[in-house]
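Per-entry structural report
Listed below, chain by chain, are the residues.
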Amino acid sequence: MTVWNDYQSMGEEATKTIQARLHIASGERSWLHDARLTSREIFNDTIRLKRQGNNRTEIQREVDRDDFLRNNKCAVVGKALQTWDSYQSLKEWWENQDDPDRGKPTPPSTDKSGAYPLVMAHTEGYRLTVDDDTNRIQVRISPKPYKKVKEHLRGEPNAMDELRDALTSDEVDVGQAELLYRDGVYYLHVTVTREFDVPDPDTADTVIGVDINERNVALTALNRETMRTKGTLVLDYGRVKQERQRYHTITTRCQEHGKASIHRKLGDKEQRFTEWVLHRLSRAVVEFAEQFPNSVIVFEDMSGIRDEMQYGSYMNRRLHKLPFHTFEKFVSYKATWREIPTDTVDAYYNSQTCSCCGERGDRQGRRFRCANDECDVVQDHADRNASVNIAWREMAKLDGDESDYRTHKTQPQVRLVRLSGSGRVSRPTSSRSLAEQGVLAHS
């Protein structure tokens, strides 16, 4: 880790999830399955009681089970209430739309069958230790009172090293874990939290503007001192838009025919798919930023913007459902884990302003044309142009300069990388190599 001695910094907490496979050494697998079925019952009962107006204390008393660890019960209730709060937030947003007859949020189901993740607190529902002889991470899970299942974890070497460090360090807290089952294998998702000294954005030497819309994520890195472009990259995830449109069409037809269970199942699949894509994109953004010394990642401040986007029911659904906030949150916590600061700037007219001369231009699809005859820019990728403007505005904000101090220099050629709905990308195939090869040095 690089230490910036003269930099002002602030402590920030970040939490990440480490995933690993379980290799069961002793105990009954059926105990784990039974505990996950009980978790489903508790989840359903929690949602039902919450809809009836019960508070958390009353719910925990009502869902108590003799065959289920009390601490595990509290953790499952907490996860269910988080699901309910998310539904309430989405419902509140939907009620404020001009066309409330389409896409009404569905409350969490109270009659789902099948297993649910077993949520456990560390040292209570489960315990992790490092074996001194084998260096394996040993796990003891308590699916039922007085019943123990012992295993060890298997996973990516880097992930296992991170987990070992968390277990032996006083600076890292091991938190809740979730037990899942997929394709015949049990998995443990463990959360770890630690505090980082994140530099203040004002100390950055490289400013990275990030522009996101329904099809692209555009990145441009500018040298704060010379104002020259250090790298640029556009991630195209247009297939994601197609997949979300397909899910919307299917779920709308399910609603029209009263197939509520299928509608809920597809809604869950769409959410998982979207979050999976956002994790890949956010990881690529942070790995792009890691290549530049002392950088800051800058987003548009979208507060208030979405409320003003009113184009009719079809476009409103497409634009308002874009997970801007979720994407920014994913990038921010991944950046915090690498001690990279993030910031926001004014969002108005970034995609309509020339990044080289500051004049208002014309945007047609993905192409931007500058209307200034004296400007060197004839045309540019519209989203990359917006990301440059975001970086410019951050530099003006940090330096306290309200003037428009741009240069009449063209930008380097943009590299476009497409991310498909299946997760495949058009060379390179990993997010790290994707970011590395996306950087085009400014000669």
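Each value, and the rule that gives it
Residues numbered from 1 in each chain as written. Predicted model: local features only at pLDDT ≥ 70, side-chain atom pairs only at ≥ 80, totals over all residues. Heavy atoms only, no water. Buried < 20%, exposed > 50% of the residue type's maximum accessible area, 1.4 Å probe, protein only. Helix = DSSP H or I, 4+ residues; strand = E, 2+ residues; numbered from the N terminus. Pairing = 2+ DSSP bridges. Core = buried A, V, L, I, M, F, W, Y, C linked by side-chain atoms within 4.5 Å. Contact = heavy atoms within 4.5 Å. Phe/Tyr/Trp six-rings, centres within 6.5 Å; stacked < 30°, edge-to-face > 60°. Lys NZ or Arg CZ within 6 Å of the ring centre and 35° of its normal. Salt bridge = Lys/Arg side-chain N within 4 Å of Asp/Glu carboxyl O.

1. A few points about the pairing of strand S11 (residues 295-300)
With 6 of 6 residues buried, S11 is to be regarded as a mostly interior element. Relative to S11, strand S8 (residues 206-212) runs parallel, the two sharing 4 bridges. Bridged to Ile-208 within S11 is Ile-297. Sheet topology note: the S11/strand S12 (residues 342-345) ladder contains 4 bridges and is parallel. Within S12, the position partnered with Ile-297 by the bridge is Thr-342.

2. Digging into the nonpolar core
Among soluble globular proteins, nonpolar side chains are generally buried collectively. Within the largest apolar cluster, 47 residues are counted, with the highest numbers of intra-cluster contacts made by Tyr-126, Leu-128, Ile-141, Leu-153, Leu-179 and Leu-188. In this structure Leu-128 touches His-122, Ile-137, Gln-138, Val-139, Leu-153, Leu-163, Leu-167, Val-174, Leu-188 and Val-190, once residues within four positions along its chain are discounted. Residues Val-210, Ile-212, Val-286 and Ala-289 belong to the second largest nonpolar core, which totals 27 residues.

3. Concerning unusual backbone geometry
Residues apart from glycine generally show negative phi values, whereas peptide bonds are mostly found in trans. Although it is not a glycine, Thr-123 sits at a positive phi angle of roughly 75 degrees. For Thr-123, a relative accessible area of 39% puts it in the partly exposed group. For Asn-294, which is not a glycine, the phi torsion comes out positive at approximately 50 degrees. For Asn-294, the position within the fold is in the loop between helix H6 (260-290) and S11.

4. What about the environment of Val-139?
Mapped onto the elements, Val-139 comes out in strand S4 (residues 137-144). Each C-alpha atom, one on Val-139 and one on Val-149, is 8.1 Å from the other, the two residues being 10 residues apart in sequence. Discounting chain neighbours no more than four positions away, the residues touching Val-139 are Leu-22, Arg-127, Leu-128, Val-149, Lys-150, Glu-151, His-152, Leu-153 and Leu-188.

5. Digging into the packing of aromatic side chains
Going through the model one piece at a time under the given rule, you end up with 7 aromatic pairs. Seen from their ring centres, Phe-299 and Phe-327 are 6.4 Å apart, and the 90 degrees between their planes marks the pair as edge-to-face. Residue Phe-299 is found in strand S11, and its partner Phe-327 is found in helix H9 (residues 324-337); the two are separated by 28 residues along the sequence. Judged by relative accessible area, Phe-299 falls into the buried class, the value being 4%. Residue classification places Phe-327 among the buried residues on the basis of a relative accessible area of 0%. Directly above the aromatic system of Tyr-187 lies the positively charged group of Arg-182, at a separation of 4.4 Å from the ring centroid.

6. Brief notes about the pattern of salt bridges
On inspection of all chains with the given rule, the structure shows 13 salt bridges. With its nearest N and O atoms 2.9 Å apart, the salt bridge here joins Lys-16 to Glu-162. Placement of Lys-16 in strand S1 (residues 9-26) and of Glu-162 in helix H4 (residues 157-168) is noted, with a sequence separation of 146 residues between them. On the basis of relative accessible area, Glu-162 is assigned to the partly exposed category, the value being 30%. A salt bridge links Asp-343 to Lys-397; the nearest nitrogen and oxygen atoms lie 3.2 Å apart. Taken as a pair, Asp-343 in strand S12 and Lys-397 in helix H10 (residues 382-399) lie far apart in primary sequence, 54 residues in all. The exposure class of Lys-397 is partly exposed, given its relative accessible area of 45%. Through salt bridges with shared partners, one network takes in Glu-41, Asp-45, Arg-48 and Arg-65.

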